[in-house]
Amino acid sequence: NDEEGILSCREDLNEIIDSFPNGLDYAFGYGSGIYEQKIIESQEKTQSEDELGQAAHKEPMIDLIFSVSDPKAWHDENLRRNPHHYAALPRA
């Protein structure tokens, strides 16, 4: 796809979904990585941006929502496969 951050085909999304454990009853995604969004530049920084000294994240993002029959088993397997998806404390 010529548009940066926009998934070009079903195979792109399937590749992402395949990185997660089996057992999804259904899944859907949203965000600028799926749907092109108008970028609005703000003249004002938010308090958290000022505190962190960072600009807002401008890279395309994809948010995924999954429904699974056995959440504990699914998270146990996802933690094994994708530990970077979780904060350090729960990984201990």
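Residues numbered from 1 in each chain as written. Predicted model: local features only at pLDDT ≥ 70, side-chain atom pairs only at ≥ 80, totals over all residues. Heavy atoms only, no water.

What to know about the overall build of the protein
Part 1 of the argument: Secondary structure summary: the protein contains four helices and two strands in total.
Part 2 of the argument: Counting the 92 residues in the protein, one finds 16% classified as buried.
Part 3 of the argument: Long-range pairs, those at least 24 residues apart, make up 76% of the contacts in the protein between residues at least 6 apart in sequence.
Part 4 of the argument: Accessible surface for the protein amounts to roughly 7600 Å². Of this, 50% is attributable to carbon and sulfur atoms. (Helix = DSSP H or I, 4+ residues; strand = E, 2+ residues; numbered from the N terminus. Buried < 20%, exposed > 50% of the residue type's maximum accessible area, 1.4 Å probe, protein only. Contact = heavy atoms within 4.5 Å. Areas by Shrake-Rupley, 256 points an atom, 1.4 Å probe, with all protein chains shown as cover.)

Here's the deal with the pattern of salt bridges
Part 1 of the argument: Under the defined criterion, the tally for this structure stands at three salt bridges.
Part 2 of the argument: Note that Lys-72 and Asp-76 form a salt bridge whose closest N and O atoms lie 2.9 Å from each other. Pair noted here: Lys-72 and Asp-76 are both in helix α3 (residues 71-81), with a separation of four residues, about one helical turn.
Part 3 of the argument: A salt bridge links Arg-81 to Glu-77; the nearest nitrogen and oxygen atoms lie 3.1 Å apart. Taken together, the positions of Arg-81 and Glu-77, both in helix α3 and four residues apart, correspond to about one turn of that helix.
Part 4 of the argument: Judged by its relative accessible area of 35%, Arg-81 is partly exposed.
Part 5 of the argument: Among the residues examined, Glu-77 registers a relative accessible area of 23% and is labelled partly exposed.
Part 6 of the argument: One network of salt bridges, in which partners are shared, links Glu-77, Arg-80 and Arg-81. (Salt bridge = Lys/Arg side-chain N within 4 Å of Asp/Glu carboxyl O.)

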